[in-house]
Amino acid sequence: MHSIQIHKVIDQMISFFLRIGIWHGEDKPTARQLRLKSFYWIYYKFFLASFLIGTVTKESVDESIFVAEVSIIVIVFTTKIWMLLWKQKQIMALLIRICVFSIRNNEEFEFFNGTVEKFIKFVYAFACATVGGTLGCSVFPFIGNKKSLILDIAFPLDWKSSEIGFWLAYIFFLTEMVLSLLALIFSVIIWYLLLHCSLRYTILGMEIRNMGLTCGSKVKMSEKKRLTIFYQDLVASIKTHLNLREIIDELDDFLSKLFLLQFATSGLCICGSIYCLAFDVSVNAVERMVHVYTFFYNIAELFMITYLGNEIMLSSNRLTYSLFESDWIGQPHSNQKCIIIFGEYLKQSHEMLIGKLYPLTLETFTRILNSSYSLFNILKNTKQ
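Residues numbered from 1 in each chain as written. Predicted model: local features only at pLDDT ≥ 70, side-chain atom pairs only at ≥ 80, totals over all residues. Heavy atoms only, no water.

**Brief notes about the overall build of the protein chain**
- The helix and strand inventory of the protein chain stands at eleven helices and four strands.
- Over its C-alpha atoms, taken along the principal directions, the protein chain stretches across nearly 90 × 55 × 30 Å.
- Within the span of the protein chain, comprising 384 residues, buried residues form 48% of the whole.
- At a minimum sequence separation of 6, the contacts of the protein chain that also span at least 24 residues come to 79%.
- Between the mean site of the 36 positive side-chain charges and the mean site of the 32 negative ones, the protein chain shows a separation of 5 Å. (Helix = DSSP H or I, 4+ residues; strand = E, 2+ residues; numbered from the N terminus. Buried < 20%, exposed > 50% of the residue type's maximum accessible area, 1.4 Å probe, protein only. Contact = heavy atoms within 4.5 Å. Lys, Arg positive; Asp, Glu negative; His and termini not counted. Charge placed at Lys NZ, Arg CZ, Asp CG, Glu CD.)

Printed below as a string of structure tokens:
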């Protein structure tokens, strides 16, 4: 029996949240912690307001499209930061219920560890790209003879002609960029939860396939004991499956509105990134790097949630095959009847629905990409 705990990288993220004060260790936050949470929340809303005002006030269409794209991303970031600030109990409860469990066999344990470690490597690569994009934005104002921000955001002071105004705007922009990293960390936690949901279905399939076996192999035992062990494993698998469906439904309810917002805005963001890259609206290499990063970020963010949602559907759909791959033929009539009923129930794959309309699958991902391409053609015709 192997005990699975929250991965140390995710645990370090939680410790980071506690250190900077956006999460609290007690049952209820103190007055100081509430003030700090409110400060983070209000301060980041100023960032969103600066982009929205900047989008409206731009005279150039190309600049307006880029700033509008970033504004949409910041709207999603604002929602994620709000959830991170005020939904700590729900997030921690889901992490514990989904990511803390036990695995019986070594084969299943090795498969689980290998898959999770591959995911962590991807997280490291994603973090490096994010840090690179943040550094690019931070050094951009000092490239060239004239100091300017990478995005022409709205700011109360005239930062274009005033030295003091420029430094205040730069500090504001840089601190808001650092706060935006919280939204990216929350994205990683969401991916981690979805990955565990699919892996737990896969491991459940392995356990169903090995029902009635001891330590993953057949050993000498009486016929009565073998039937008893099979029945106990069958009951345990049914309970695990019901519990897993309940937990994933809770996760679906918790993330449904956020995913619906991402579905509604991701097509526009991808379209804006393609437009900026296709017509080369950048003025230098650093700004092009930011355009490339925003393009890949929008694709990766949408692909990860739809891919993992698709894996949940596929892994739950394979449970029926796992059930009939077990040693069910030699079971008594009562056990076979339970197996047939359980098999009929397993035929309905677990598909996460966003807004009770859109399935969290790769098919939805391709539809959004197609809509982005259609929007890009409209912008291209307008440009011409």
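**Things to note about the side chain of Glu108**
- With respect to the helices, strands and loops of the structure, Glu108 is situated in helix 5 (residues 106-139).
- In this structure Glu108 is buried but unpaired, with Arg104 as the nearest side chain of opposite charge at 5.8 Å.
- Here the side chain of Glu108 touches Asn105 through a polar contact of 3.2 Å, side chain to side chain.
- When residues no more than four places from it in sequence are discounted, the contact partners of Glu108 are Ile103, Ile203, Met206, Glu207 and Asn210. (Salt bridge = Lys/Arg side-chain N within 4 Å of Asp/Glu carboxyl O. Polar contact = N/O pair within 3.5 Å; in protein donor to acceptor, adjacent residues only side chain to side chain.)

**Regarding the pattern of salt bridges**
- Taken as a whole, this structure holds six salt bridges when the rule is applied.
- Linking Lys347 and Glu344 is a salt bridge whose minimum nitrogen-to-oxygen distance equals 3.0 Å.
- Of the charged contacts, one joins Glu363 and Arg367 as a salt bridge, the two residues approaching to 3.0 Å between their closest N and O atoms. With a gap of four residues between them, Glu363 and Arg367 both fall in helix 11 (residues 362-383), about one helical turn apart.
- Note on Arg367: relative accessible area 54%, which makes it exposed.

**Observations concerning the packing of aromatic side chains**
- Across all of its chains, the model carries 22 aromatic pairs by this definition.
- With 6.0 Å between their ring centres and 65 degrees between their planes, Phe47 and Phe173 make a pair best called edge-to-face. Here the residue Phe47 occupies a position in helix 2 (residues 31-57), and Phe173 occupies one in helix 6 (residues 163-209), the gap between them amounting to 126 residues. When sorted by exposure, Phe47 lands in the same class as Phe173, which is buried.
- Here Phe295 and Phe296 contribute two aromatic rings whose centre-to-centre distance is 5.4 Å and whose plane-to-plane angle is 75 degrees, an arrangement assigned as edge-to-face.
- Taking the relative accessible area as the measure of exposure, Phe296 reaches 53% and is therefore exposed.
- Ring pairs connect the aromatic residues Phe39, Tyr40, Tyr43, Tyr44, Phe47, Phe51, Phe155, Phe172 and Phe173, which therefore count as one cluster.
- Directly above the ring of Phe101 sits Arg200, whose terminal nitrogen or CZ lies 4.6 Å from the centroid. (Phe/Tyr/Trp six-rings, centres within 6.5 Å; stacked < 30°, edge-to-face > 60°. Lys NZ or Arg CZ within 6 Å of the ring centre and 35° of its normal.)

**Thoughts on the packing of helix 1 (residues 8-20) against helix 6**
- Where helix 1 meets helix 6, the axes come as close as 11 Å, and the angle between the chain directions of the two elements is 145 degrees. Note that helix 1 runs across helix 6; the crossing there is left-handed. Contacts between helix 1 and helix 6 pair Ile10, Met13, Phe16, Phe17 and Ile20 from the former with Leu182, Ile185, Val188, Ile189 and Tyr192 from the latter.
- Classifying every residue of the contact of helix 1 with helix 6 gives ten nonpolar, no polar and no charged. (Axes fitted to C-alpha atoms, helices over the stretch in contact; angles between N-to-C directions. Left-handed = near helix turned anticlockwise from the far one by under 90°. Nonpolar A, V, L, I, M, F, W, Y, C, P; charged D, E, K, R; others polar.)

**Points about the nonpolar core**
- Core analysis: the biggest nonpolar cluster contains 105 residues, and Phe51, Leu95, Phe119, Phe173 and Leu194 have the highest contact counts within it.
- If you tally residues by element for this core, the top one is helix 6, at 26 residues.
- For Phe173, the contacting residues outside a window of four places in its chain are Phe47, Phe51, Cys137, Ile150, Leu151 and Ile153. (Core = buried A, V, L, I, M, F, W, Y, C linked by side-chain atoms within 4.5 Å.)

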